[in-house]
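Below are the chains, spelled out letter by letter.
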Amino acid sequence: MTRKKITILDLQRKKENSIPITMLTAYDYSSAILVDESEMDMILVGDSLGMVVMGLENTVPVTMDEMIHHCRMVSRGAKYTFLVGDMPFLSYEVSIAEAVRNAGRFLKEAGMDAVKLEGGTEMAETVRAIVRAGMPVMGHIGLTPQSVSKLGGFKVQGKTAESAQCLLQDALALEEAGCFSIVLEAVPDSVAQVISQQLTIHTIGIGAGAGCDGQVLVYHDMLGLFNGYSPKFVKQYVNLREQISEALVQYRKEVQAGEFPDKTHTYKMSKRELDGFLENVKKHQA
Ligand code: KIV
């Protein structure tokens, strides 16, 4: 069967038919190709790149220009996956006009299909304006890493009846404002399940249990490429860091031992051309 580009309608159909939606982050051309080839539904160019690619302590310092730069690489590599660009901190909070303009850059300049922003009820008017301008918006509630300072750290959210109710209100407000999808990060599975059942749009969980309509993980976390803090919800499918480290050490040792490059990795010149070349060298030395 020929593969077609995933659309917002395909994602909605999956929710209606209880088919789990798959999403992974990617941050550059080569990782985007791999994720695209794995037939994932969506790629999130997350501002988590600030931590796993740029080595920052959190996502707060990530800029619009850095996000656009990485989104461009991803859209060149991913042909079929639905692409979501993550709006960085303070690119959508200052004014609605600025939020619409910045959201537009993700679609106009970087080839994204949609944008994601963090926040609940307080972001509803902003979401409404971006959607009115013709751009799909994914919401993000629960643990919202851009507010890490306000939350007092990377902590599970919605653990009390009252805070769970607030999360539900936020989700409903985002749906009403026009979001096509909502990420639920680090919330108890029972809360995420209820929210998912109450919404007609789909939820994407990260540390929110199996009751969400889909799942997302960070590329570097699930491939074992990142040696920083790894939360309980991360499943590491392979330890690439270990494999890459072994390969790097082997390369260094082979160069030091004169074993690399060997014959199979070396270009050769014909004997005739070599003799002519050496003859010329001799002449110039004389
Ligand atoms: O930036 C990111 O990667 C995210 C996911 C963790 C949802 O926001």
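What you see is a predicted model; the values in this text were computed from it and never measured.

(A) Layout of the packing of aromatic side chains. Following the criterion strictly, the structure yields 2 aromatic pairs and no others. Summarising the aromatic geometry, the rings of Phe82 and Phe180 are spaced 5.6 Å apart at their centres and angled 65 degrees between planes, so their arrangement reads as edge-to-face. Remark: Phe180 occurs in the loop between helix 8 (161–177) and strand 6 (181–185) and Phe82 occurs in strand 3 (residues 82–86); sequence separation between them is 98 residues. In this pair, the class of Phe82 matches that of Phe180, namely buried. Judged by centre distance (6.0 Å) and plane angle (70 degrees), the rings of Tyr251 and Phe260 are edge-to-face. Exposure remark for Phe260: the relative accessible area of 33% places this residue in the partly exposed category.

(B) Representation of helix 5 (residues 96–108) within the structure. Helix length check: helix 5, at 13 residues, gives a terminal C-alpha distance of 18 Å against a target of 18 Å (1.5 Å per residue), a fit within 8%. Listed in full, the buried residues belonging to helix 5 are Ala99, Asn102, Ala103, Gly104 and Phe106. Buried-residue contacts for helix 5 involve helix 4 (64–77), strand 3, strand 4 (114–116) and helix 6 (124–132).

(C) Representation of the nonpolar core in the model. One finds Ile43, Phe106, Ile130, Ile182 and Leu184 to be the most contacted residues of the largest nonpolar core, which totals 56 residues. Ranked by residues supplied to this core, first place goes to helix 8 with 6 residues. With 15 residues, the next largest nonpolar core counts Met23, Leu44, Phe82 and Ile206 among its residues.

(D) Molecular detail of the packing of helix 4 against helix 5. Where helix 4 contacts helix 5, the axes come no closer than 9 Å and their chain directions differ by 20 degrees. By the angle class used here, helix 4 and helix 5 are roughly parallel. With respect to the hand of their crossing, helix 4 and helix 5 are arranged in right-handed fashion. Where helix 4 approaches helix 5, its residues Met64, Asp65, Met67, Ile68 and Cys71 are matched on the opposing element by Asn102, Arg105 and Phe106. Along the lines of polarity and charge, the residues of the contact of helix 4 with helix 5 split into 5 nonpolar, 1 polar and 2 charged.

(E) The arrangement of unusual backbone geometry in detail. Cis geometry marks the peptide bond from Phe260 to Pro261; its omega dihedral reads 0 degrees. The topology assignment puts Pro261 in the loop between helix 11 (240–256) and helix 12 (271–285). Backbone geometry places Ser18, a non-glycine residue, at a positive phi of 50 degrees. With respect to the helices and strands, the residue Ser18 is situated in the loop between helix 1 (8–16) and strand 1 (21–25). Overall, Ser18 belongs to the exposed group, its relative accessible area being 65%.

(F) Structural context of the pairing of strand 6. Of all 5 residues making up strand 6, 5 are buried, and the element is well covered by its neighbours. Across 5 bridges, strand 5 (residues 137–142) lies against strand 6 in parallel orientation. By the bridge assignment, Ile141 is partnered in strand 6 with Leu184. Pairing geometry for strand 6 and strand 7 (residues 202–206), over 5 bridges, is parallel. By the bridge assignment for strand 7, Val183 is matched with Ile204. Once the chain exits strand 6 it traverses helix 9 (residues 189–198) before rejoining the sheet at strand 7, and the crossover so formed is right-handed.

Criteria and thresholds
- Residues numbered from 1 in each chain as written.
- Predicted model: local features only at pLDDT ≥ 70, side-chain atom pairs only at ≥ 80, totals over all residues.
- Heavy atoms only, no water.
- Phe/Tyr/Trp six-rings, centres within 6.5 Å; stacked < 30°, edge-to-face > 60°.
- Helix = DSSP H or I, 4+ residues; strand = E, 2+ residues; numbered from the N terminus.
- Buried < 20%, exposed > 50% of the residue type's maximum accessible area, 1.4 Å probe, protein only.
- Expected span 1.5 Å × (residues − 1).
- Contact = heavy atoms within 4.5 Å.
- Core = buried A, V, L, I, M, F, W, Y, C linked by side-chain atoms within 4.5 Å.
- Axes fitted to C-alpha atoms, helices over the stretch in contact; angles between N-to-C directions.
- Parallel < 35°, antiparallel > 145°, perpendicular 65-115°, else oblique.
- Left-handed = near helix turned anticlockwise from the far one by under 90°.
- Nonpolar A, V, L, I, M, F, W, Y, C, P; charged D, E, K, R; others polar.
- Pairing = 2+ DSSP bridges.
- Right-handed = clockwise from strand over helix to strand, strands pointing away.

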